[in-house]
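Observations on chain architecture
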Amino acid sequence: MANVEEPVVEASHAHGLMKRFYSKDDSPLTQDELDSLMQHGEVHSFILVHRLRAFHEVGVTLFLRGIPVTCKVDVTERYTTQSKVRVSTLYTVHLMHGDFNWIIKRKYKHFQDLHRDLYKHKMMISFLPLGRFATQRQELGALPEEMPSLHNNERGRRASSKPKHLEEYLNGLLEHSFYRNYHRMLEFLDVSPLSFIRDLGPKGLEGFVLKRSGGHRILGLNCFGHHQLCFRWSRRWLVVKDSFLMYMSPDAEVISFVLLFDPELEVLVGRCYTDTEHGVCIKNYARTLVIKCSSYRQAQWWSHEIRQLSEPCDFLQVQRFGGFAPSREDTLTKWYVNGSGYFSDLADALEQAKQEIFITDWWLSPEVHLKRPATDNYWRLDCILKRKAEQGVKVCVLLYKEVELALGINSDYSKRSLMNMHPNIKVMRHPDHVSVIVFLWAHHEKVVIIDQSVAFVGGIDLAFGRWDDSHYRLTDLSVTETPNHISGSEACDTVGSDPDGLASQPLTARSEPEPAPTESEDLSQNSQLWLGKDYSNFINKDWVQLDRPFEDNIDRGQVPRMPWRDFAAALHGKAARDVARHFIQRWNFTKIFKSKYKDDFYPCLLPKSHSTADELLYSVPGCGRASVQVLRSVDRWSAGTCESSIHNAYLHLIETSEHYIYIENQFFISGADGKNVHNGIGDAIVKRILRAHSEQKTYRVYVLVPLLPGFEGDISVGGGNAIQAILHFTYRTMCRGEFSILARLKEHMQDQWSQYISLCGLRTHAQLSGSLITELIYVHSKTLIADDRRYIIGSANVNDRSMLGSRDSEVAVLVEDKERVPSRMGGGDYEAGPLTLALRKECFRVLLAADADPSIDIQDPISEDFFQEVWNKTAASNASIYETVFRCLPSDSVTSLRVLRELNPAERLCDTDPARAREQLGAVRGLLVHYPLHFLCEENLLPPLSSKERIVPMEVWT
């Protein structure tokens, strides 16, 4: 990597964007970091992985300070050399350096070569009075005049004493830093800058090899015949660790490639596998790496060490559900409902970052505030990342590169905004749609990892419109209304509170809308929760001009915002390392795949060893312990490997559930027909209900989805083709056609299906500018809860895009309680899991406004009294009231577009008799409404043949 002179290149404000400021990485060790290494050098910090040049530039020693290096030499074997006359001996050298132990194998001639090089080095230092050798001359002055002797005639006559003499010789050298730190000694000992970084695990085999180019097993990365005809050999320093191997440039300043161990790992030796003498072939899912060694024995030694180090690795086996990671027992974890508590805990965790921050999002808004109301910019996302970057933390962000004609999330603006703040912030976008022929699928994950120690996973992007709490406010004026489902100051989130009482002000208060603050405006008196484009109603108007984030997107004095309901989870320890490994796999894959990211500015990332995962640098407050398994949906285009463990886990939880499942999801598209829909979640639900019916056992299924799909469109005229397309497949899953859940249930139990399944959405109301208003609550959740003992939280929707693995990339976690607390189930005593029980009760508490009515008992989720008299009765009553007061859409009374066109908005009770409307709304309890199963049931909701939406492949909508 070239030396950095000026980090700033050109800048342009064309179209509101800026060109990238930083073209090179200018991130030397800070003085604090350097002082820490010099004072506490017995432990090499993981941050040195990103500062390998520091070993040369500022003289950081490769060995741990103050800890001796000792060795023991044994005879390994005697063998005949190529001369067929001379017999040579191979010596095994056991080296110890603190907690690190490793083995090297050397011939006597290697000791001779080392001795000669050290002698030459000593003479050169003595006779060349150059300033750069001043430190080494000081070390030389403290040495004995003579080097330890390699040759000993008396001992040489006795072959059995030779190992002992070599041991004494080498230990004599290792006592002195002058000899120990010389680069030829380091090569002799197989020591590199990555040898003694504790978070990388045990010191594995290292050394120089010749590496053959090519071998990538991903379409587009090799030219024709690259692996047979066009290859070249390059000298590289190869390092083997406990879950990966990697190689560096010869000067050991840049990590060039990382090969993660996976179930397809193979280590093969011989010409038949490598087409070269003394070759070793190392395969994983993404690459076939061929190295050339100096001898047959060296090739065998490399293959033996790789196999031995990788053998205990968890990632060599396909885990439960076909996943890459096993269940991690006794993991600290925490769930979040809504963005309020999630953003707050995330901000605190980011503030604690010491080494690395990894972020991947479908959409990221740099200006989003993580703690609210914002009275300054301290907790704004871009300000947090800039602050940490200035402290030496490496920030790596992976963004989905959208098809700009289809989406307006402007990831290019997000990328440049972040990267122009500091060279320690690296942002990559993927995929390049044309080069990989991926136009339809997206990176849909929402993940943040801090120091590979704490991970946040869920459905919440770090983006505008995502922050909400259990009040689900429709307005954001200087004085806000009390939502209908929370009673005064008693309202609170499980993981977020309302310290400023913003939700408890009188319904009759009125105020003119305030303008949104600009970037430079003083926020010290700000009382708004959603600044600028963060105040959103994307069905009313989708986001535009995101490079002007502080300008309102809609008129907050006339248009209510659309509340956002979502889930996330925090994980620690080994489970967090699993999430980090997934991110690293995707990051390194993107770096290799896209030529613009191949320069040294974008680093290859290394996964930390699971052997140190339990030593937490920071833990999120309020966590409990449970078994946690990281799941994902990925394919060759998205991560270089294939997996659909989220889908398999969903099926398993549904099939093995004993009492109930509760699903909250942004989409509900399932019921495999072998043509358009392939995921089996709807089929599993039907089979489980039919089994309960045949056994005459109580079993409940709760499904909660948004009342309308999240596309811009006026529902009063049908909502647009995109909305109708999603509605078509949602209704096809629920109740229309032979593959629908209700149609299949009615075949066996007629109307008794209502004893088993409830399909609902969410709605709320408020008052804005003197008028009563209502709006649906957008359910963006991706959650399944089963039996008060297990739950899944992640980014995956119930549709083919998320579940099949070959389409969108997703990440989720399966949390299984191992502890038990007393509860109720089906009228009897029950042992529930504490985390799952609390999550389910939090959902029911808010949806049913249980805090406002002490008679509502949410302890037993499957009892007849609760399921029919509380859940279904509340949903039916609320839906009826909203229909009476607002004539809101979607509605069961609107069965065709003709009826829709004939609706008269002027006949709404909220407009004709506001006083009576308020009286009616007083009977609304909570947020729950039944899903309108008959809405537009007389229409074919698939896009017309002449529309652009119909040109798009059907897989886009499923």
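Residues numbered from 1 in each chain as written. Predicted model: local features only at pLDDT ≥ 70, side-chain atom pairs only at ≥ 80, totals over all residues. Heavy atoms only, no water.

**Looking at the overall build of the protein chain**
Put simply, the rule is: Secondary structure elements are defined from DSSP: runs of H or I of at least 4 residues count as helices, runs of E of at least 2 residues count as strands, and each element is numbered from the N terminus. Partly exposed describes any residue whose relative accessible area lies between the buried limit of under 20% and the exposed limit of over 50%, with all areas from a 1.4 Å probe on protein chains only and scaled to the type maximum. Only heavy atoms matter for contacts: two residues are in contact if any of them lie within 4.5 Å across the pair.
Looking only at helices and strands, the protein chain features 27 helices and 31 strands. Within the protein chain, the proportion of its 958 residues that are buried is 61%. Pairs at least 24 residues apart make up 72% of the contacts formed inside the protein chain by residues separated by at least 6 positions.

**A closer look at helix 19 (residues 721–734)**
Let me state the cut-off plainly: Each residue after the first adds 1.5 Å to the expected span of a helix.
Helix length check: helix 19, at 14 residues, gives a terminal C-alpha distance of 20 Å against a target of 20 Å (1.5 Å per residue), a fit within 8%. What helix 19 keeps buried is the set Ala722, Ile723, Gln724, Ala725, Ile726, Leu727, Phe729, Thr730, Tyr731, Arg732, Thr733 and Met734. Considering only its buried residues, helix 19 is in contact with helix 20 (741–749), strand 23 (757–768), helix 24 (897–902) and helix 27 (948–951).

**A look at the sheet that holds strand 4 (residues 206–212)**
Where we set the bar: In this analysis, strands are considered paired if DSSP registers two or more bridges between them. Here an axis means a line fitted to C-alpha atoms, over the contact stretch when the element is a helix, while the angle between two N-to-C directions is reported on a 0 to 180 degree scale.
On the basis of which strands lie adjacent, the open sheet formed by 7 strands has the order 7-6-5-4-10-9-8 and antiparallel pairing. Looking along the sheet, the strands with just one partner apiece sit at the ends: strand 7 (255–260) and strand 8 (266–269). On average, each strand axis in the sheet is tilted by 35 degrees relative to the strand beside it, whichever way the strands run. Here strand 4 runs beside strand 5 (residues 233–240); their pairing, made up of 7 bridges, is antiparallel.

**Details of unusual backbone geometry**
Following Arg372, the chain continues into Pro373 via a peptide bond in cis, with omega recorded as -5 degrees. Tracing the backbone through its elements, the reader meets Pro373 in the loop between strand 12 (356–361) and helix 12 (381–390). Even without being a glycine, Asp787 presents a positive backbone phi close to 60 degrees. Locating Asp787 in the fold gives a position in the loop between strand 26 (782–786) and strand 27 (790–794). Of note in the backbone geometry, Arg887 takes a positive phi value of approximately 50 degrees without being a glycine. Mapped onto the elements, Arg887 comes out in the loop between helix 23 (864–886) and helix 24. Judged by its relative accessible area of 31%, Arg887 is partly exposed.

**With respect to the nonpolar core**
Note the following rule: In plain words, nonpolar cores are sets of buried Ala, Val, Leu, Ile, Met, Phe, Trp, Tyr and Cys residues tied together by side-chain atoms within 4.5 Å.
One finds Phe456, Tyr662 and Trp871 to be the most contacted residues of the largest nonpolar core, which totals 215 residues. When residues in this core are grouped by element, the largest group, 9 residues, is from helix 23. Residues in contact with Trp871, not counting those within four places in the same chain, are Tyr662, Tyr702, Ser758, Cys760, Phe844, Leu847, Leu848, Phe866 and Leu928. Among the nonpolar cores identified, the runner-up in size contains 53 residues, and Val49, Ala54, Phe63 and Leu606 belong to it.

**Quick look at the side chain of Ser638**
Along the chain, Ser638 turns up in helix 16 (residues 636–639). With relative accessibility at 0%, the residue Ser638 sits in the buried group. Setting aside residues no more than four positions away along its own chain, Ser638 makes contact with His430, His443, Arg586, Phe589 and Ser809.

**Regarding the packing of aromatic side chains**
Keep this limit in mind: Put simply, two rings from Phe, Tyr or Trp (the six-membered ring, in Trp's case) pair if the centres are within 6.5 Å, and we call them stacked under 30 degrees between planes, edge-to-face over 60, tilted for the rest. Whether a charge sits over a ring comes down to the Lys NZ or Arg CZ being within 6 Å of the ring centre and within 35 degrees of the ring normal.
Summed over the entire model, instances satisfying the criterion amount to 38 aromatic pairs. Ring centres 5.2 Å apart and planes at 70 degrees place the aromatic pair Phe111 and Phe188 in the edge-to-face group. Of this pair, Phe111 sits in helix 3 (residues 108–127) while Phe188 sits in helix 8 (residues 183–188); the two residues are 77 residues apart in sequence, bridging distant segments of the chain. Like Phe111, the residue Phe188 is buried in the burial classification. By way of ring pairs, the aromatic residues Tyr660, Tyr662, Tyr702, Phe844, Phe866, Phe867 and Trp871 are connected into one cluster. Over the ring of Trp530 we find Arg561, and its NZ or CZ is 3.7 Å from the ring centre.

**Considerations on the pairing of strand 22 (residues 700–704)**
Remark: a regular strand shows side chains that alternate across the two faces of the sheet. Inclusion rule: By the criterion used throughout, a crossover qualifies as right-handed when its path from the first strand across the helix to the second strand runs clockwise, the strands pointing away from the viewer.
Summarising burial for strand 22: 5 of the 5 residues are buried, a large majority. A two-sided burial pattern is seen for strand 22, the buried positions comprising Arg700, Tyr702 and Leu704 on one face and Val701 and Val703 on the other. Where strand 21 (residues 660–665) meets strand 22, 5 bridges bridge the pair, whose relative direction is parallel. Bridged to Tyr660 within strand 22 is Arg700. Note that the unit made of strand 21, helix 18 (residues 681–694) and strand 22 has a crossover that is right-handed. The pairing of strand 22 with strand 23 spans 4 bridges and is parallel. Looking at strand 23, one finds that Leu704 is bridged to Cys760.

**Overview of the pattern of salt bridges**
Filter applied, for reference: What counts as a salt bridge is simple: a side-chain nitrogen of Lys or Arg found within 4 Å of a carboxyl oxygen of Asp or Glu.
Enumeration according to the criterion identifies 43 salt bridges in this entry. As a salt-bridge pair, Arg732 and Asp673 come within 3.2 Å of each other at their nearest N and O atoms. Within this pair, whereas Arg732 is found in helix 19, its partner Asp673 is found in the loop between strand 21 and helix 18, the two being separated by 59 residues in sequence. Given a relative accessible area of 17%, Asp673 falls into the buried group. Here the residues in one salt-bridge network are Asp117, Arg184 and Glu187, joined through shared partners.

**A short note on the environment of Leu332**
Residue position: Leu332 is located in strand 11 (residues 328–337). Residue classification places Leu332 among the buried positions, given a relative accessible area of 16%. The residues touching Leu332, leaving out its near neighbours within four places in the chain, are Ala570, Leu571, His572, Leu616, Ser619, Cys623, Gly624 and Arg625.

**Concerning the packing of helix 11 (residues 339–351) against helix 12**
Rules: When describing relative orientation, an angle under 35 degrees is termed roughly parallel and one over 145 degrees roughly antiparallel, while 65 to 115 degrees is termed roughly perpendicular and anything else oblique. A clockwise turn of the near helix away from the far one marks a right-handed crossing, whereas an anticlockwise turn of less than a right angle marks a left-handed crossing. The residue classification treats Ala, Val, Leu, Ile, Met, Phe, Trp, Tyr, Cys and Pro as nonpolar and Asp, Glu, Lys and Arg as charged. All others, Gly included, are polar.
Two numbers describe how helix 11 lies on helix 12: the axes approach to 10 Å, and their chain directions differ by 15 degrees. In terms of axis orientation, helix 11 runs roughly parallel to helix 12. The way helix 11 lies across helix 12 gives a crossing that is left-handed. Contacts from Ala347, Leu350 and Glu351 in helix 11 reach Leu381, Ile384, Arg387 and Lys388 in helix 12. By residue class, the composition of the contact of helix 11 with helix 12 is 4 nonpolar, no polar and 3 charged.

**Comments concerning the environment of Lys334**
The line we're drawing: Any N or O atom pair separated by 3.5 Å or less is treated as a polar contact, with the protein-specific requirement of one donor-capable and one acceptor-capable atom, and with residues adjacent in sequence counted only for side-chain atom pairs.
Its place among the elements puts Lys334 in strand 11. Distance in space between the C-alpha atoms of Lys334 and Phe456 is 9.4 Å, their sequence separation being 122 residues. Only 2.8 Å separates the side chain of Lys334 from the side chain of Asp345, close enough to count as a polar contact.

**Details of the confidence of the model for the protein chain**
Inclusion rule: For every residue, the predictor reports its confidence as pLDDT, a number between 0 and 100.
Of the residues in the protein chain, 85% have a pLDDT of 70 or more, and the chain-wide mean is 86. Low pLDDT (under 50) marks residues 479–513, which in the prediction has 81 contacts with non-local residues, meaning those over four places away or in another chain.

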